[in-house]
Every structure is written in C-alpha cells, then in structure tokens.
Amino acid sequence: INFKETFQAMVNNEIIVAVTGIPAETIQKTTYFIFDVNGKSKTENLLDSMLYNYALRKNQMLEDFKSVYSLNDKKDFTIIEFPFPSFPGIWLGKPFYTAQAKYAVFYKDFLVFCNTESGLQNYLYNMEEGDPLSADNRFKRVRSNTGNKSNISSYINVNRSLNLTNELVRTIKTFYLS
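Presented here is an overview of the structure given in this document. The structure presented is a predicted model; accordingly, all values stated were derived computationally and were not measured.

Here we come to unusual backbone geometry. Negative phi values dominate among residues other than glycine, just as trans dominates among peptide bonds. Positioned with a positive phi, asparagine 59 is a non-glycine residue whose angle comes to about 60 degrees. Within the secondary structure, asparagine 59 sits in the loop between helix H2 (40–57) and strand E3 (66–71). For asparagine 59, a relative accessible area of 74% translates into the label exposed. The backbone phi angle of aspartate 73 is positive, close to 55 degrees, even though this residue is not glycine.

What follows is the structure in structure tokens.
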C-alpha cells in the first residue's frame with residue numbers, strides 16, 4: 001500500500017492542525033490533525049487495510065489497535081491506536097510536524113488524529129456535549145472576516161496560548177541563529 005496515495009484518497013478538501021491544552025511544558029501540549037473524509041466507509045476500509053497490513057507484519061490482530069470509548073453511556077466511538085505518529089509531517093511537510101497522529105477516531109465526516117488518547121476523548125466530549133470552537137464568538141468573527149480568502153487560516157486565542165507563543169518564538173530564534 002502506498003502510504004501517501006492512500007491518505008490522498010481519503011481526504012476530501014480540508015486539513016486542520018489544532019493545538020489545545022497548552023501547559024507550561026509545551027512538549028505536553030495536545031495536538032490534533034483533522035481532515036474531512038472522501039466517503040466515510042471508503043476511508044474506514046482504506047484505514048483498516050493499512051492497519052491490517054501493519055498488524056500482519058507485527059504478528060498482531062487488527063482488533064489489537066482498536067478500543068471502544070463510550071461517551072456518557074450514550075454513544076460509542078472506536079478509537080484506533082495509529083502506528084505511524086509522525087505521518088502528518090512526513091506526508092505534508094514542516095507546517096504539520098507539530099501534529100502527532102498516535103490515536104484516531106472517526107467523528108461525523110472527519111478523521112481526527114491526536115497525540116494522546118485522553119485528548120481524543122476530550123475532543124469527542126467537547127464536540128458532542130461541550131463547547132466546540134465553532135461556537136466561540138471570537139472564532140466566528142475571525143472566520144466570517146476571512147471566509148474563502150486564503151488557503152491557510154490561523155486562529156489563536158492569545159489568552160490561552162502564551163506558552164505556545166513562547167515556544168514558537170524560541171523555535172524561530174533558533175532557526176534564524178543557526
């Protein structure tokens with residue numbers, strides 16, 4: 001299976017990298033890599049095929065990579081332990097290196113990867129029960145002002161991202177000084 005071609009067949013038209021839960025030690029931040037899928041059942045089959053081939057090489061079963069997360073005993077989601085955590089950066093380049101794809105879940109028409117299982121569970125809770133970004137008034141205002149004017153959009157809630165800002169500034173300084 002050609003890894004890059006398989007994922008290109010999965011993506012419809014939108015890829016998102018999000019960073020949330022930014023603690024003082026930014027190495028422990030929660031990252032998401034999200035894309036809308038080009039047919040959910042087709043994407044599930046492609047992903048299962050990829051995982052099945054990996055499981056065979058590792059002498060494991062496909063089911064070993066899957067667990068069920070029950071959200072408030074109302075809805076079950078299958079969380080996949082994804083064996084290729086660095087694939088976003090390898091596939092799409094430097095802007096996507098911060099996203100680690102260690103766990104994955106299908107949510108509506110999206111495939112959501114996260115660097116932690118608890119981060120994925122928090123995502124599912126927030127989307128189903130909590131407070132998704134799309135409900136944030138500041139985000140709505142930014143989104144309406146940018147519309148379809150750009151290919152890459154950035155939204156940062158400065159009040160919640162001071163530690164990330166410090167990390168980015170250090171990275172940029174290191175890059176330019178070396």
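Having seen the model, we can carry on.
Let us look at the packing of aromatic side chains. Applying the stated criterion across every chain, the model contains 21 aromatic pairs. Here the aromatic rings of phenylalanine 33 and phenylalanine 87 are separated by 5.5 Å at their centres, their planes lie at 90 degrees, and the arrangement is edge-to-face. Of this pair, phenylalanine 33 sits in strand E2 (residues 30–37) while phenylalanine 87 sits in helix H3 (residues 87–92), and the two are 54 residues apart along the sequence. Overall, phenylalanine 87 belongs to the buried group, its relative accessible area being 2%. Each ring, one from phenylalanine 87 and one from tryptophan 91, has its centre 6.0 Å from the other, and the planes form 20 degrees; the classification is stacked. Here phenylalanine 87 pairs with tryptophan 91, and both are found in helix H3, just four residues apart, close to one helical turn. Every member of this aromatic cluster is reached through a ring pair, and the members are Phe7, Phe33, Phe35, Tyr54, Phe65, Phe82, Phe84, Phe87, Trp91 and Phe113.

Right, let's talk about the pairing of strand E6 (residues 110–114) for a bit. Within a regular beta strand, the side chains point alternately toward one face of the sheet and then the other, so they alternate between its two faces. Burial analysis of E6 places four of its five residues in the buried class, the great majority of the element. As judged from the five bridges shared by E2 and E6, these two strands associate in the antiparallel manner. Within the sheet, the bridge partner assigned to phenylalanine 33 lies in E6 and is phenylalanine 113. With five bridges connecting them, strand E5 (residues 103–107) and E6 associate as antiparallel partners. The residue bridging phenylalanine 106 from the neighbouring strand is leucine 111, located in E6. Where E5 hands over to E6, the hairpin turn is made up of two residues, of which lysine 108 adopts a positive phi near 55 degrees.

With that settled, consider helix H1 (residues 3–10). The complete set of buried residues in H1 reads Thr6, Phe7 and Met10. The arc that holds every buried residue of H1, seen down its axis, measures 90 degrees, which confines them to one face. Turning to H1, the residues buried within the fold contact strand E1 (11–20), E2, H2, H3 and E6.

Its 18 residues give H2 an end-to-end C-alpha distance of 26 Å, which sits within 8% of 26 Å, the value for a rise of 1.5 Å per residue. Among the structural elements, H1, E2, strand E4 (75–81), E5 and E6 are those in contact with the buried residues of H2.

What counts and how
- Residues numbered from 1 in each chain as written.
- Predicted model: local features only at pLDDT ≥ 70, side-chain atom pairs only at ≥ 80, totals over all residues.
- Heavy atoms only, no water.
- Helix = DSSP H or I, 4+ residues; strand = E, 2+ residues; numbered from the N terminus.
- Buried < 20%, exposed > 50% of the residue type's maximum accessible area, 1.4 Å probe, protein only.
- Phe/Tyr/Trp six-rings, centres within 6.5 Å; stacked < 30°, edge-to-face > 60°.
- Pairing = 2+ DSSP bridges.
- Arc of directions from axis to C-beta.
- Contact = heavy atoms within 4.5 Å.
- Expected span 1.5 Å × (residues − 1).

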